[in-house]
Amino acid sequence: MPNVVSHIKHSLVNRLGHKTNRKIVVFESDDWGSLRLPEIGRYADYQKRFPDYYTNPYLRYDSLASAEDLEFLFELLASFKDKNSNAPVFTFNTVVANPDFEKIKASDYQHYFYEPFTQTLEKYSPHTSVFSVWQQAIKDKLMYPQFHGREHVNVPVWLQALQSGNQNLLDAFALGTWSVPGKIPGSINLQASLDWEKEQPLPYQEAFISEGLALFKTIFGFPAQTMIPNNYILDFTVFPLLQNHGIIAMQGMKYHKLPKGHSAAASHPLVRRSWGHSTRFPLPNLVRNCQFEPSQTHDNFDDVGHCLSAISNAFFWNKPAVIDTHRLNYVGVYDVANRDRNLKKTALLLRQILKKWPDVEFMSSAELATLTSSL
């Protein structure tokens, strides 16, 4: 029965939209570049201050990836090849900046300042040589960055909370992060950079997009072609700005989430998405129809089997298999066993994909976006 239910759920995602006979697999991985937790030397203090951190896997595992983390991941990917002799390529959906905590504090939390994520890397002990690993992986076609946001924090909400004296956030700030267990007062998730209530902060959101995409191009030397908004929340009013900056397709889940300001209810209004062009969306959609999130499942969950079943359903409906898999699965800065365990599962997943579908093609999200735009 569970397999039947799963098949029906996946079919509801895959039955609509454009079709292709090609067996395409895309790995979309979010949160790269974003600082989630304090520098390793401050992590013990963070655990003492927030003892319920362990209930959230992101606060147990997620961090800026070390050079060793990345080298292990890319070495694994390079060992597999599709029918065109291409290795699996991870789309690194990248947050290009992080808060500059010193400058923000010097302004008494009245003004916001940020730094490129490459500058953040230089400050963190296991990360000083990391960006050269990114650059080599791009050359080797094992990873290709795309835009996930300027930073991964809702700046207006965060500053307001700091100014009002929210002790949890002030204590986290002193440790070099905004991430705390649980919710802050109000209904906006701090990670949702572009969510809003009451009135849309349009100047902030326009700067977030324009400055973020410009910084992306400066850092990587090429423009982003796709975007996945933080927490999947984005207002339709900013889509023309994204188009003006060269975004040709939007990544996302089966539903697009509108900001809370569009509804009197506590939940976000949802708009159904399907692969390809749609009259309801200004940009073509790439739809994540598979999940591989072993850091967020229980120990006896069959992560590989679950993902393979979703891939099979995608191919049954003649859709690309777009796999949702976040950074926390591949980093071991705070828990090396987490990384090593998940890399073994990743290797098993790739072996099974190639065994079941020898005609598979690995693509990045940018490549799939180009294909989608031509449909």
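Cut-offs applied
- Residues numbered from 1 in each chain as written.
- Predicted model: local features only at pLDDT ≥ 70, side-chain atom pairs only at ≥ 80, totals over all residues.
- Heavy atoms only, no water.
- Buried < 20%, exposed > 50% of the residue type's maximum accessible area, 1.4 Å probe, protein only.
- Helix = DSSP H or I, 4+ residues; strand = E, 2+ residues; numbered from the N terminus.
- Pairing = 2+ DSSP bridges.
- Salt bridge = Lys/Arg side-chain N within 4 Å of Asp/Glu carboxyl O.
- Core = buried A, V, L, I, M, F, W, Y, C linked by side-chain atoms within 4.5 Å.
- Polar contact = N/O pair within 3.5 Å; in protein donor to acceptor, adjacent residues only side chain to side chain.
- Contact = heavy atoms within 4.5 Å.
- Axes fitted to C-alpha atoms, helices over the stretch in contact; angles between N-to-C directions.
- Parallel < 35°, antiparallel > 145°, perpendicular 65-115°, else oblique.
- Left-handed = near helix turned anticlockwise from the far one by under 90°.
- Nonpolar A, V, L, I, M, F, W, Y, C, P; charged D, E, K, R; others polar.

The name given to the protein chain in an unreviewed UniProt entry is Polysaccharide (De)acetylase, and the organism recorded there is Flavobacterium sedimenticola.

So, about the pairing of strand E11 (residues 321–324). Both faces of E11 are covered, namely the face carrying Ala321 and Ile323 and the face carrying Val322 and Asp324. Relative to E11, strand E1 (residues 24–32) is paired through four bridges, and the arrangement is parallel. When the bridges of E11 are listed, Phe27 appears paired with Ile323. Where strand E10 (residues 290–291) meets E11, two bridges bridge the pair, whose relative direction is parallel.

Throughout the structure, instances matching the rule amount to 15 salt bridges. Notably, a salt bridge pairs Arg288 with Glu28, separated by 2.6 Å at the nearest N-O pair. Here the residue Arg288 occupies a position in the loop between strand E9 (270–272) and E10, and Glu28 occupies one in strand E1, the gap between them amounting to 260 residues. No difference in accessibility class separates Arg288 from Glu28, as the two residues are buried. The closest approach of N and O atoms between Arg339 and Asp340, which form a salt bridge, is 3.0 Å. In this structure Arg339 comes out as buried when scored by relative accessible area, which is 2%. When its relative accessible area of 32% is taken as the criterion, Asp340 is described as partly exposed. Linked by salt bridges that have partners in common, Glu28, Asp30, Arg288 and Asp324 make up one network.

Attention shifts here to the environment of Ala266. Within the secondary structure layout, Ala266 lies in the loop between strand E8 (255–257) and E9. Judged by relative accessible area, Ala266 falls into the exposed class, the value being 63%. Taking C-alpha positions, Ala266 is 9.9 Å from Ile188, a pair spaced 78 residues apart along the chain.

Below, the discussion takes up unusual backbone geometry. You will see that Ser85, though not glycine, has its phi angle at about 65°, which is positive. With respect to the element layout, Ser85 can be found in the loop between helix H4 (67–78) and strand E2 (90–95). Judged by relative accessible area, which is 54%, Ser85 ranks as exposed. Of note, the phi angle at Asp108 is positive, near 60°, even though the residue is not glycine. For Asp108, the position within the fold is in the loop between helix H5 (101–106) and strand E4 (114–116).

The subject of this paragraph is the nonpolar core. Soluble globular proteins tend to pack their nonpolar side chains together in the buried interior. The biggest cluster of nonpolar side chains holds 101 residues, and the ones touching the most others in it are Phe74, Trp134 and Trp158. The next biggest cluster of nonpolar side chains, apart from the first, holds ten residues, and it includes Val26, Trp275, Leu286 and Ala369.

Turning to its location among the elements, Ser29 is positioned in strand E1. Judged by relative accessible area, which is 0%, Ser29 ranks as buried. Looking at Ser29, its side chain comes within polar contact range of the side chain of Trp32, at 2.9 Å. If sequence neighbours within four positions are ignored, Ser29 has contacts with Phe90, Thr91, Phe92, Asn93, Thr325, His326, Arg327 and Tyr330.

We now examine the packing of H4 against helix H13 (residues 336–356). One way to put it is that H4 packs onto H13 with a least axis distance of 10 Å and a crossing angle of 15°. If you check the angle between H4 and H13, you find them roughly parallel. The way H4 lies across H13 gives a crossing that is right-handed. Along its contact with H4, which presents Glu68, Asp69, Phe72, Leu73, Leu76 and Leu77, the element H13 presents Arg339, Leu343, Thr346, Ala347 and Leu350. Among the residues forming the contact of H4 with H13, the class breakdown is seven nonpolar, one polar and three charged.

Within E2, six of the six residues are buried, which leaves the element mostly enclosed by the surrounding structure. Along E2, one buried face is formed by Phe90, Phe92 and Thr94 and the opposite face, lined by Thr91, Asn93 and Val95, is buried too. As defined by bridge partners, E1 adjoins E2 across four bridges and the pair is classed as parallel. Directly across from Glu28, in E2, lies its bridge partner Thr91. In this structure, E2 lies alongside strand E5 (residues 143–149), joined through six bridges in parallel fashion. Bridge pairing in E5 links Asn93 to Gln146.

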